[in-house]
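Letter by letter, the chains look like this.
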Amino acid sequence: MPARNTLQRAIIEDELRRLANHPTADEVYEAVRAEHPSIGKATVYRTLNLLSDEGEIGRVRINNGADRFDHQSFAHYHVRCVSCGKVDDVMIPLLGEGINEAASKASGYQVLGHTLQFDGICPACQEGKRGKEASTA
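About the cut-offs
Residues numbered from 1 in each chain as written. Predicted model: local features only at pLDDT ≥ 70, side-chain atom pairs only at ≥ 80, totals over all residues. Heavy atoms only, no water. Helix = DSSP H or I, 4+ residues; strand = E, 2+ residues; numbered from the N terminus. Buried < 20%, exposed > 50% of the residue type's maximum accessible area, 1.4 Å probe, protein only. Pairing = 2+ DSSP bridges. Axes fitted to C-alpha atoms, helices over the stretch in contact; angles between N-to-C directions. Parallel < 35°, antiparallel > 145°, perpendicular 65-115°, else oblique. Left-handed = near helix turned anticlockwise from the far one by under 90°. Contact = heavy atoms within 4.5 Å.

**Q** What is the right way to look at the environment of Lys-105 in this model?
**A** Structurally, the position occupied by Lys-105 is in helix 4 (residues 99-107). Since its relative accessible area comes to 76%, Lys-105 is described here as exposed. Along the backbone, Lys-105 and Asp-14 are 91 residues apart, and their C-alpha atoms lie at a distance of 41 Å.

**Q** How should I be thinking about the sheet that holds strand 3 (residues 77-81) in this particular structure?
**A** Whenever strands of a sheet pair, they do so through backbone hydrogen bonds, lying parallel or antiparallel. With mixed pairing, 3 strands are arranged side by side in an open sheet as 4-3-5. Each of the sheet's edge strands pairs with one partner strand only, and the pair in question is strand 4 (87-90) and strand 5 (117-120). Between one strand axis and the next, the sheet turns through 30° on average, direction left out of account.

**Q** Mind showing me how you'd approach the packing of helix 2 (residues 25-35) against helix 3 (residues 41-53) here?
**A** Relative placement of two packed helices is described by the angle separating their axes and the distance separating the axes. Relative to each other, helix 2 and helix 3 sit at 125°, their axes nearing to 9 Å. In terms of orientation, helix 2 and helix 3 fall into the oblique class. Seen along the crossing, helix 2 lies across helix 3 with a hand that is right-handed. Across the interface between the two elements, Ala-25, Asp-26, Val-28, Tyr-29 and Val-32 from helix 2 touch Lys-41, Val-44, Tyr-45 and Leu-48 from helix 3.

Remember that the coordinates give geometry; whether it matters functionally is a separate question.
Structure (structure tokens):
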């Protein structure tokens, strides 16, 4: 049974789509709180998790970092800047069919899906534009 489409849910989803930068739950909360101080942190976290579980938004699991949330729910890859922590989409074809089955066969696991995260240095950091931000990230 789908969750109720509450005003709070709509506000949180709209804010995620407005941010469109793969924010953490804390970043979404801070943005929501600026306009709607009555919406609590737990509500934002719960709603983001629910929207992710329902497939309405994407969840980007970052190695050694906080999960990020993606307003785009279709399957695609991501790249993370190792200098400043920025996360961007990588729009390349998904790995070929059969990769999950190959991983199952090789590991004995029942593989349900896969993720791929590229690590690199974003253009702004390459140009030194984020020097101060990078030292605090």
